[in-house]
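Structural features, examined
Residues per chain, in single letters:
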Amino acid sequence: DVKVTQSSRYLVKRTGEKVFLECVQDMDHENMFWYRQDPGLGLRLIYFSYDVKMKEKGDIPEGYSVSREKKERFSLILESASTNQTSMYLCASSRQPRTSNQPQHFGDGTRLSIL
Amino acid sequence: GESVGLHLPTLSVQEGDNSIINCAYSNSASDYFIWYKQESGKGPQFIIDIRSNMDKRQGQRVTVLLNKTVKHLSLQIAATQPGDSAVYFCADINFGNEKLTFGTGTRLTIIP
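The present account deals with the structure reproduced in this document.

So, how was this worked out
Throughout this document, residue positions are counted from 1 along each chain, in the order its sequence is written. In the order they appear in the text, chains get letters beginning with A and ligands get numbers beginning with 1. Reporting of local features is limited, given that this is a predicted model, to residues whose pLDDT is at least 70; pairs of side-chain atoms are given and counted only at 80 or more, and all residues count toward the totals for whole chains, interfaces and linings. As a rule here, side-chain values come from all non-hydrogen atoms in the structure, and water together with hydrogens is ignored. Strand pairing is defined by DSSP finding a minimum of two bridges between the two strands. Think of it this way: any DSSP run of H or I at least four residues long counts as a helix, any run of E at least two long counts as a strand, and we number them from the N terminus. Only the stretch in contact is used when fitting a helix axis, every axis being a line fitted to C-alpha atoms; angles between N-to-C directions are given from 0 to 180 degrees. Burial classes follow relative accessibility: with a 1.4 Å probe on protein chains only, a residue under 20% of its type's maximum area counts as buried, one over 50% as exposed, and anything between as partly exposed. Only a pair of cysteine sulfur atoms within 2.5 Å qualifies as a disulfide here.

1. Overview of the sheet that holds strand S6 (residues 62-67) of chain B
Residue and element names in this part refer to chain B. One open sheet holds the four strands; their spatial order is S2-S7-S6-S5, and the pairing between them is antiparallel. If you trace the sheet from one side to the other, it starts and ends with strand S2 (19-24) and strand S5 (56-58), each paired once. On average, each strand axis in the sheet is inclined to that of its neighbour by 15 degrees, with strand direction left out of account. With three bridges joining them, S5 and S6 adopt antiparallel strand pairing. Paired with glutamine 58 across the bridge in S6 is threonine 63.

2. Here we look at the pairing of strand S10 (residues 106-111) of chain B
Residue and element names in this part refer to chain B. Of the two faces of S10, the one holding Thr106, Leu108 and Ile110 is buried and the one holding Arg107, Thr109 and Ile111 is not buried anywhere. As defined by bridge partners, strand S1 (residues 10-14) adjoins S10 across five bridges and the pair is classed as parallel. In the sheet register, leucine 11 faces S10, and the bridge partner there is leucine 108. Sheet topology note: the strand S8 (residues 86-93)/S10 ladder contains three bridges and is antiparallel. Pairing of valine 87 across the sheet is with arginine 107, part of S10.

3. Structural notes on the state of the cysteines
By definition, a disulfide links the sulfur atoms of two cysteines through a covalent bond. Residue and element names in this part refer to chain A. If you walk through the whole model with that rule in mind, you get two disulfides over all chains. Between the sulfur of cysteine 23 and that of cysteine 91 lies a disulfide, 1.9 Å long from S to S. Handedness of the cysteine 23-cysteine 91 disulfide follows from its S-S torsion of about -75 degrees: it is left-handed. Here cysteine 23, found in strand S3 (residues 19-25), pairs with cysteine 91, found in strand S9 (residues 87-94); they are 68 residues apart in sequence, far enough to count as distant. The residues cysteine 23 and cysteine 91 share a single accessibility class, namely buried.

The structure is reproduced here in structure tokens:
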């Protein structure tokens, strides 16, 4: 089974802090994704990566950055946390090739609260 | 998938009955569709998928139907069990832009 592990289930940080959310997958997947999930808005894509050291902006990248130094690890960074970034953050991974029916597999999420 | 507003649609079904969860999508060029199940406190879990060149696909106790003419997707769950209680949402992707679009979901409650 695919295992996507997010380092923290719950996290509380203060406004202005730099926050790191970590995600690791053990299936040698090329693609990795970061989403946030908010009531009534569903899942929104923040950033994604198709390869090591590669990143592309999703639909809501503002206020976030990412790092993919190793294939199995994809980090989401909140440069200066703000209260509107309080949310559930979900990491996902999938196999190449991109243009094929490859479902994304999700971690259990990190519930981040910014005070 | 498409946004259905601030409140999740809900569906309550008697244990043992069949349930049908519906989803409308907006992109007529979508190539691939996925149904996910999300239980409380967990991440979305893959259930079943279907490509746009198919109109039906069956799994264990689940069937997905695709109607491209009206851009509608449905998930049928047979003989529902208490463990089926969750939020279900569809997702679709166009291989040209490679981004998955998620619906906001339907909350399914199984009544014992």
